[in-house]
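One-letter residues, chain by chain:
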Amino acid sequence: PVLRNLIQLKKQAHKQFKLSNYQHDYFTFSELRKKCKALSIQVHANHILKIENNINSDSKYFWKYIQSLRSNKTNIPATVYLDNIVSDNFNYTTKLFADYFSSVYIDYSKNTNSYDVTLLINHDINLNTWFITKLEIADMLSALNVRSGTGPDGIPSSFLKSCKSALVKPLFYLFNLSLSTGIFPDIWKKSFISGVSAYCLLIHDRIIEYVPFSREVKKLV
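Just so we're clear, the structure is a prediction, and the values are computed from it rather than from any experiment.

A.B. asks: Is there a simple way to explain helix α4 (residues 90-100) in this structure?
C.D. replies: For an α-helix, the turn length of 3.6 residues means that residues three or four places apart are oriented alike. Turning to α4, its buried residues number three or more, namely T93, L96 and F97. Buried positions in α4, seen along its axis, are confined to an arc of 95 degrees and lie on one side of it. Taking the backbone nitrogen of N91 as reference, a side-chain oxygen 3.0 Å away marks N89 as the first, capping residue of α4.

If you want it as structure tokens, here you go:
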């Protein structure tokens with residue numbers, strides 16, 4: 001609201017200067033313009049900081065900001081570079097990103113039995129103490145965005161939301177059984193990985209300037 005009011009005052013001052021052509025009116029307009037610019041930079045910086053701080057707890061604002069940047073433009077340039085490799089082909093570009101991001105995901109088309117078990121046992125997390133209530137599941141199903149696309153599980157959010165009354169009980173059983181046994185189905189571990197520019201969320205043509213960002217299959221899991 002403060003920035004909006006300041007912009008309105010700047011517009012009024014500019015209009016007044018155009019009508020009078022007086023130097024003091026221009027000075028008033030110029031000072032308001034400087035204040036608008038400084039405040040705009042500050043507001044934008046605070047907005048970006050808020051988005052970054054909330055990525056782990058709620059990523060929807062991050063993706064909303066990404067969509068606003070994309071507008072009607074593609075997120076990835078037509079030509080991209082990885083080391084000495086150049087690609088202007090969509091499929092090959094996808095492969096280059098997959099190769100570069102391969103350190104953060106497991107290729108399920110290959111053998112997945114070669115886990116480093118030390119990563120699984122050297123921790124202090126006791127999943128047996130975790131419990132998900134039916135109310136929590138119902139609330140999350142109600143909050144699903146029906147306009148969002150399906151994840152790797154292929155189940156539309158609209159289906160889950162429409163059938164929430166029938167799904168709460170089986171999901172309650174499945175989720176808590178998974179927590180109590182420490183067994184998580186492979187499909188719950190899958191997600192789509194997007195490349196996001198690491199520099200102020202701008203678009204770049206060098207793949208090394210992107211970081212992998214995983215959009216969860218469903219927030220419930």
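A.B. asks: How should I be thinking about the nonpolar core in this particular structure?
C.D. replies: General note: in soluble globular proteins, nonpolar side chains tend to be found buried as a group. Formed by I137, L141, L144, L160, L167, V168, L171 and F175, the largest nonpolar core amounts to eight residues. When residues in this core are grouped by element, the largest group, four residues, is from helix α8 (residues 164-181).

A.B. asks: When you look at unusual backbone geometry in this model, what are you seeing that I'm missing?
C.D. replies: Glycine aside, residues mostly have negative phi angles, and peptide bonds mostly take the trans form. Even without being a glycine, N21 presents a positive backbone phi close to 60 degrees. In this structure, N21 sits in the loop between α1 (2-20) and α2 (23-53). Here N21 falls in the exposed class, since its relative accessible area comes to 59%.

A.B. asks: What am I meant to see in the pattern of salt bridges here?
C.D. replies: Any two side chains of opposite charge can pair, so long as their charged atoms come close to each other. Under the counting rule described, the total for this entry stands at two salt bridges. Here E31 ties to K34 by a salt bridge, and the two come within 3.8 Å at their closest N and O atoms. Here E31 and its partner K34 are both found in helix α2, three residues apart, which amounts to about one turn of the helix. Under the relative-accessibility criterion, K34 is labelled exposed at 53%. The salt bridge involving K95 is made with D99; its shortest N-O contact spans 2.9 Å. Taken together, the residues K95 and D99, both in helix α4 and four residues apart, mark about one turn of the helix. For K95, a relative accessible area of 45% translates into the label partly exposed.

Analysis parameters
Residues numbered from 1 in each chain as written. Predicted model: local features only at pLDDT ≥ 70, side-chain atom pairs only at ≥ 80, totals over all residues. Heavy atoms only, no water. Buried < 20%, exposed > 50% of the residue type's maximum accessible area, 1.4 Å probe, protein only. Helix = DSSP H or I, 4+ residues; strand = E, 2+ residues; numbered from the N terminus. Arc of directions from axis to C-beta. Polar contact = N/O pair within 3.5 Å; in protein donor to acceptor, adjacent residues only side chain to side chain. Core = buried A, V, L, I, M, F, W, Y, C linked by side-chain atoms within 4.5 Å. Salt bridge = Lys/Arg side-chain N within 4 Å of Asp/Glu carboxyl O.

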